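Chain by chain, the residues:
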Amino acid sequence: MEAQLLEFIRDEFLDDPETEIDADTKLISGGFIDSFSLVSLQSYIEREFGKRIPAPRITAESFDTIKQMVQIIQQF
Amino acid sequence: MISFEFFAILGLSLVLYWLLPAQRARNLLLSAASLLFIWLLDHQSLVVVLALTLFSYGMGQAIYRLKRNSWVHVLGVIGILASLIFFKYLGFLAGLFDSLYIFLEALPRFSLHHLLLPLGLSYIAFKQISYLSDIKWKLVKPGSFADFLLYNSLFTIFLAGPIERFERLNPQFQSPRIPFKKADLELGSRRIVIGLFKKLVFADWLGFFISGIWNNPSQYHPGLALLAVFGYAFQIYLDFAGYSDIAIGASRLFGLRVMENFDRPYLATNISQFWRRWHISLSDFIRDYIFFPLSRLSSNKVWLLGFVPVIAMGLCGLWHGADSRYLIWGIWHGLGLSVYQIFQQLKRRLGKRKMLKFNAFFAAIAWPLTFMFVSLGWLSFRAFGLPMARHIFFSFEGLTLTLISFLLLIFLGRWLPAFLLDIGARIRWRPAFTLYLLLICLICYSALNTEFIYAAF
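Everything quoted here is computed from the prediction, not taken from an experiment. (Residues numbered from 1 in each chain as written. Chains lettered and ligands numbered in written order. Predicted model: local features only at pLDDT ≥ 70, side-chain atom pairs only at ≥ 80, totals over all residues. Heavy atoms only, no water.)

Regarding the overall build of chain B
Item 1. The helix and strand tally for chain B stands at 18 helices and 0 strands.
Item 2. Taking 457 residues into account, the globule formula puts the C-alpha radius of gyration at 23 Å, and chain B, at 24 Å, falls close to it.
Item 3. If you line up chain B on its principal axes, its C-alpha atoms span 65 × 65 × 60 Å.
Item 4. Counting only residues that meet the buried cut, chain B has 53% of its 457 residues in that class.
Item 5. Of all intrachain contacts in chain B linking residues separated by at least 6 positions in sequence, the fraction that spans at least 24 positions is 76%.
Item 6. Here chain B displays about 21,900 Å² of accessible surface, and carbon together with sulfur accounts for 71% of that area. (Helix = DSSP H or I, 4+ residues; strand = E, 2+ residues; numbered from the N terminus. Rg over C-alpha atoms; globule rule 2.2 N^0.38 Å. Buried < 20%, exposed > 50% of the residue type's maximum accessible area, 1.4 Å probe, protein only. Contact = heavy atoms within 4.5 Å. Areas by Shrake-Rupley, 256 points an atom, 1.4 Å probe, with all protein chains shown as cover.)

In C-alpha cells:
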C-alpha cells in the first residue's frame, strides 16, 4: 500500500517528479499536496482500497506522511 | 467579550473550578457559568442555545444508534441550518419580500427586520453540524448531554469561536481531573493580555484613524485611501486575532486546550496558504464539511477547479451575514483559490516538461500579490467599500500609487517576512511584560471601546 500511494502522489501531485519523497516525508505541512490534491487522493484511496476516509481525518496532523495515511486507511 | 460580566464570571468560576476535586463537578460549574454568561448577554440566545443543544443531541443519539442513519443526519443538518436561516437570513429575505409587496401594492406587508440574531448562533450551528457529521462518519461518540451542553455553551469561546470540534474538546471534559499547572495560568493570562493589547491598543486605534477615510473616501487623497485599505486589513486581523487570543487564553486558565485560529496569515505566499492561516477553525470547517463533499459530487475538472471553490467560499462569505458584500468577498476568495489552483496545475505540467523558467519571478511576487489580493478583498467586506474602490482605482493617482505600493512590497518581501519571523522567535517573554501591556490596555480601554468585529457574525 505504501509503495502504491508513493507512486500515485509522485506522479500526480509533485511539481517535479524527481523530487525525493519517502514514507516519512511530510506531504501536507511540507507543501507538497494541498486540499485539491487531497480530494483526488481521497477518491484514489476509495477506488483502490475500498476505504472512504472522512475529510476531518485528512489533515496535516493525521494524514501528513504516507505512513500516517496507511494507518488511517487501516482504521477504516 | 471585554466586559465586566465576562471577567467577573471568568475570575469567580476560575477560583471555584480549581477548588473542586473532580472534573465532572468542574464541568458542571463551567456549564452553569457559561449559561449565566449567555443569559446576562441576551436571554433569547440562552433559549436558542438550549433548544439547539437538545435538538442536536437527540439527533446525534439517533445517528449513533440507527444503522440507516443518513436521513437523520440530513434532517439534523437541515434543522440546524433552518434555525440559522430563520434568525440570520429571514430578516434579509423578508426585506426582499417587503420590496416585492411594495411593488405589487396588493398584499398586506409583514416585517421581520427586527428579528435579532442570537449571539454565537453562527458558531454553534457550525459546531453542531460538525458534531452530527462526525458521529455519522464514526469519528466520535455522542458523549453525555452535560458534556455536549458544555461544548456548545463554553463561555470562553462562545461569542466568536474558535469553532472547536467535539472530538478535541470532549476528551478534555472526560479527563478524570485536569491537573492544575502554574504554566497554564501564566500562559493563559499572557494570551489574554496580548489579545487585549491587539484589540484595545492596535485594532481600535487603527480603526479610529481610518474610519473617517472609509466613511468619506472622496474627501481624502487616493494615497491615504489606499493606506486605509491596508489599515483595515490589519484592523480586522488584530481585532479578530485579539479576540481569539483572549478566548484561547481564558480556556487555558481552566486547563483546556483550544485550537489556534491564526498563524501569521499576512505572511502567506499564496491564497491557499492564506486560508490555512486565517480563521483556521472556519476554513477547516469549510474544507471538511463543504469543500470535500462538494468535490465528491463530480470528478469533472471544471466543477472541481472552477465551481467548488467559488461555491464553498461564497457560502463562507454568506456565513458572515445576509449581505451581498460578504457574498462578493467570499466569491472573490473563491475565484482566487480557483485561479491559483489552475496555475498550480499548469505549473505542474510545465514543470514536467522542464519548461518552467519563471520560478524566481513567481517567488518575488508571491507574497505581495497575496497580501494585495486579500487587502482588496476587504474592500467588499467592509461597508462603503465601493466608493473607496472607485476613489482609488478610477483615478490615475490611485492606480499609480497602487502599482508603486506593489513594487515596494516586492522590495520589502525580500527581507520583511523573514525579519518578522526572526523577531518573533527572538522575543523572550518576561512576566513584567504582561503587567506593562495590561497597564497600557487599561489606559486605552477608557479611551476607545468598540465591539469585536467577528462577535457580530
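Resuming the write-up.
Quick look at the overall build of chain A
Item 1. Within chain A one finds 3 helices and 0 strands.
Item 2. If you list the helices and strands of chain A from N to C, you get α-α-α.
Item 3. In terms of C-alpha radius of gyration, chain A reaches 11 Å, essentially the compact-globule figure of 11 Å for 76 residues.
Item 4. Going through the 76 residues of chain A one by one, you find that 51% of them count as buried.
Item 5. Put simply, of all contacts in chain A between residues at least 6 apart along the chain, 55% involve residues at least 24 apart.
Item 6. Accessible surface, chain A as shown: approximately 3,600 Å² in total, 43% of it carbon and sulfur.

Some thoughts on the domain arrangement of chain B
Residue and element names in this part refer to chain B.
Item 1. In terms of domains, chain B is made up of domain 1 (4–180) and domain 2 (184–456).
Item 2. Taking only C-alpha atoms into account, the centre of domain 1 sits 27 Å from that of domain 2.
Item 3. Counting residues at the interface gives 39 residues for domain 1, matched by 33 residues for domain 2.
Item 4. When domain 1 packs against domain 2, the two sides together hide about 3,100 Å² of surface, and 69% of this comes from carbon and sulfur.
Item 5. The largest share of the area that domain 1 buries against domain 2 comes from Phe126, Pro162 and Arg165, three residues that together contribute 18% of it.
Item 6. Remark: the boundary between domain 1 and domain 2 carries 1 salt bridge.
Item 7. Put simply, Arg165 and Asp288 hold a salt bridge, and the shortest N to O gap is 3.1 Å.
Item 8. Our enumeration of links across domain 1 and domain 2 arrives at 12 residue pairs in polar contact (both at pLDDT 80 or more).
Item 9. Its residues assigned to classes, the side of domain 1 that touches domain 2 comprises 27 nonpolar, 7 polar and 5 charged. (Domains from an automatic or database assignment. Buried area = accessible area lost by both parts, 1.4 Å probe. Salt bridge = Lys/Arg side-chain N within 4 Å of Asp/Glu carboxyl O. Polar contact = N/O pair within 3.5 Å; in protein donor to acceptor, adjacent residues only side chain to side chain. Nonpolar A, V, L, I, M, F, W, Y, C, P; charged D, E, K, R; others polar.)

Observations concerning the packing of helix 3 (residues 43–65) of chain B against helix 5 (residues 121–136) of chain B
Residue and element names in this part refer to chain B.
Item 1. Close contact between helix 3 and helix 5 brings their axes to 9 Å; oriented N to C, the two are set at 10°. Relative to helix 5, the element helix 3 is oriented roughly parallel. Contacts from Val48, Val49, Leu52, Thr53, Ser56, Tyr57, Met59, Gly60, Ile63 and Tyr64 of helix 3 reach helix 5 at Leu121, Ile124, Gln128, Tyr131, Leu132, Ile135 and Lys136. (Axes fitted to C-alpha atoms, helices over the stretch in contact; angles between N-to-C directions. Parallel < 35°, antiparallel > 145°, perpendicular 65-115°, else oblique.)

A few points about the environment of Thr25(A)
Residues and elements named next belong to chain A.
Item 1. Counting through the fold element by element, Thr25 comes out in the loop between helix 1 (2–13) and helix 2 (35–49).
Item 2. As for Thr25 and Asp64, which are separated by 39 residues in sequence, their C-alpha atoms are 7.9 Å apart.
Item 3. Excluding anything up to four places from it in sequence, Thr25 contacts Phe32, Asp64 and Thr65.
Item 4. Among the polar contacts made by the side chain of Thr25, one reaches the main-chain amide nitrogen of Asp22 at a distance of 2.8 Å.

A closer look at the interface of chain B and chain A
By a frequent convention, interface size equals the accessible area lost on bringing the separate parts together.
Item 1. Counting residues at the interface gives 24 residues for chain B, matched by 24 residues for chain A.
Item 2. Where chain B abuts chain A, roughly 2,100 Å² becomes buried across the two surfaces, and 53% of that area is made up of carbon and sulfur atoms.
Item 3. On the chain B side of the interface with chain A, the three residues burying the most area are Phe292(B), Arg296(B) and Arg348(B), jointly 31% of the side's total.
Item 4. Between the two partners, chain B and chain A, sit 2 salt bridges.

With respect to the packing of helix 14 (residues 359–381) of chain B against helix 16 (residues 396–413) of chain B
Packed helices, taken two at a time, are described by the angle their axes make and the gap between the axes.
Residues and elements named next belong to chain B.
Item 1. Interaxial distance between helix 14 and helix 16 falls to 8 Å at its minimum, and their mutual angle equals 130°. Compared by their axis directions, helix 14 and helix 16 come out oblique. Where helix 14 crosses over helix 16, the handedness of that crossing is right-handed. Only Thr402, Ser405, Phe406, Leu409, Ile410, Leu412 and Gly413 of helix 16 make contact with helix 14, whose side of the interface consists of Ala364, Ile365, Trp367, Pro368, Leu369, Phe371 and Met372.
Item 2. Taken together, the residues of the contact of helix 14 with helix 16 sort by class into 11 nonpolar, 3 polar and no charged. (Left-handed = near helix turned anticlockwise from the far one by under 90°.)

Some remarks on the environment of Arg428(B)
Item 1. Position of Arg428(B) among the secondary structure elements: in the loop between helix 17 (416–426) and helix 18 (431–447).
Item 2. Separated by 350 residues in sequence, Arg428(B) and Ile78(B) have C-alpha atoms that sit 49 Å apart.

Describing the layout of surface pockets
All names here are of chain B.
Item 1. Taken as a whole, the second largest pocket encloses approximately 1,600 Å³ of empty space.
Item 2. When residues of the lining of the second largest pocket are traced back to their parent elements, those giving at least two are helix 8 (182–215), helix 9 (222–253), helix 14, helix 16 and helix 17.
Item 3. At 12 residues, the largest contribution of residues to the lining of the second largest pocket is made by helix 9.
Item 4. Along the lines of polarity and charge, the residues of the lining of the second largest pocket split into 29 nonpolar, 5 polar and 9 charged. (1 Å grid on protein atoms, 1.4 Å probe; cavity = no way out; pocket = protein on both sides within 12 Å on 5 of 7 lines; lining within 4 Å. Points joined across faces, edges and corners; volume = space filled by probe spheres on them.)

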